[in-house]
Structures are given as C-alpha cells and as structure tokens.
Amino acid sequence: QVQLVESGGGLVQAGGSLSVSCAASGRTFSIYGMGWFRQAPGKEREFVAYITWISSGTAYADSVKGRFTISRDNARNTVYLQMNSLKPEDTAVYYCAATKSGSTWSLAASYAYWGQGTQVTVSS
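Residues numbered from 1 in each chain as written. Predicted model: local features only at pLDDT ≥ 70, side-chain atom pairs only at ≥ 80, totals over all residues. Heavy atoms only, no water.

Brief notes about unusual backbone geometry
Condition: For the purposes of this entry, the term helix denotes a DSSP run of H or I that reaches at least four residues, the term strand denotes a run of E that reaches at least two, and both are numbered from the N terminus. In this scheme, a residue with accessible area under 20% of its type's maximum is buried, one over 50% is exposed, and one in between is partly exposed, where area comes from a 1.4 Å probe on protein chains only.
One non-glycine residue, Asn77, lies in the positive phi region at around 50°. Checked against the element boundaries, Asn77 lands in the loop between strand S7 (68-73) and strand S8 (78-83). On the basis of relative accessibility, which here comes to 22%, the residue Asn77 falls in the partly exposed class. For Ser85, which is not glycine, the phi dihedral falls at a positive 50°. In this fold, Ser85 is placed in the loop between S8 and strand S9 (92-99). You can call Ser85 partly exposed: its relative accessible area is 41%.

Spelled out as structure tokens, the structure:
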C-alpha cells in the first residue's frame, strides 16, 4: 500500500501563485509515476500533470501547460505542483495520485492510490 498526503493550497487572487505538495509513504518502490488531478464542483475529475518517479518525465494538460510545473524529490518521497498565473477556472480540489503503470497516465482509473485532496480557490 501507498499512502499519499497533500498539503498546501488555499486562497489566492487571479494571477497569483500557489504550491501544493504530496508526500508518499509505504511501498513507494512500487510507484511508477505520480499525477495531479483536480475536481471542481459539479464537474468530473480531470488530469492536470504527471511525472515519472525515476526519470522525471513530465506531461501536462493543455489548460495548465506553461503555468503549472510538476516536480519531485525522491529523497523526500514528495511530489510538488507549482501553480503560477492562476485563473478562477483553476479553482478545484486538487488530488495527487500514484500509479504502478506507465501507460494511460492521464486517466484517473490508471491510479491505484489517492490522497485526500486539498482545496485551491482562485478569486477574480
């Protein structure tokens, strides 16, 4: 089992920046990659960003490309999501997730482990 705990988030004005982090514990050796997803009220959970655990390959949703940066610190078993130039439409609960597979990383169903989520609110 892998346990994931998010931290960070909060309230920021449009154009501002926030960072969220996700600490992994347990059987972290089984992790192939980590992803960030978000879910706004009344909407489906959507892919935000992905990073492989070893090689640091990354991928982003078009909606956040150029504004968000995903990174990881293997020594701390922690993944970060730096969010810049935030927009009101970025408001959502942000979840980190861990997958044991390297395929279909943009699909929530590919992830076996999830954190509890952290709220990010961007005011206009």
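From this point, the narrative continues.
Let's talk about the pairing of strand S3 (residues 18-26)
Heads up, the rule is: Paired strands, in this sense, are two strands between which DSSP finds at least two bridges.
Note that strand S1 (residues 2-8) and S3 share seven bridges and pair antiparallel. Looking at the pairing, Val2 lines up with Gly26 of S3. Sheet topology places S3 next to S8; six bridges connect them, and they run antiparallel. Residue pairing across strands places Val20 opposite Leu81, the latter belonging to S8.

Concerning the nonpolar core
Cut-off, in case you're wondering: To form a nonpolar core, buried Ala, Val, Leu, Ile, Met, Phe, Trp, Tyr and Cys residues must be joined to one another through side-chain atoms within 4.5 Å.
Among the nonpolar cores identified, the biggest contains 36 residues, and Leu4, Met34, Trp36, Leu81, Met83 and Tyr94 are the most heavily contacted of them. Elements represented by at least two residues in this core include exactly S1, S3, strand S4 (33-39), strand S5 (46-52), S7, S8, S9 and strand S11 (118-123).

Concerning the side chain of Ser21
Put simply, the test is: Identification of polar contacts relies on pairs of N or O atoms within 3.5 Å, with a donor-acceptor requirement for protein atoms, meaning one able to donate a hydrogen and the other able to accept it, and with residues adjacent in sequence counted only if both atoms are side-chain atoms. Note on contacts: a residue pair is in contact if any heavy atoms of the two residues lie within 4.5 Å.
Tracing the backbone through its elements, the reader meets Ser21 in strand S3. Owing to a relative accessible area of 16%, Ser21 belongs among the buried residues under this scheme. Engagement of the side chain of Ser21 in a polar contact is seen with the side chain of Ser7, the distance being 2.7 Å. Once residues lying within four places of it in the same chain are set aside, the contact partners of Ser21 are Val5, Glu6, Ser7, Trp36, Thr78, Val79 and Tyr80.

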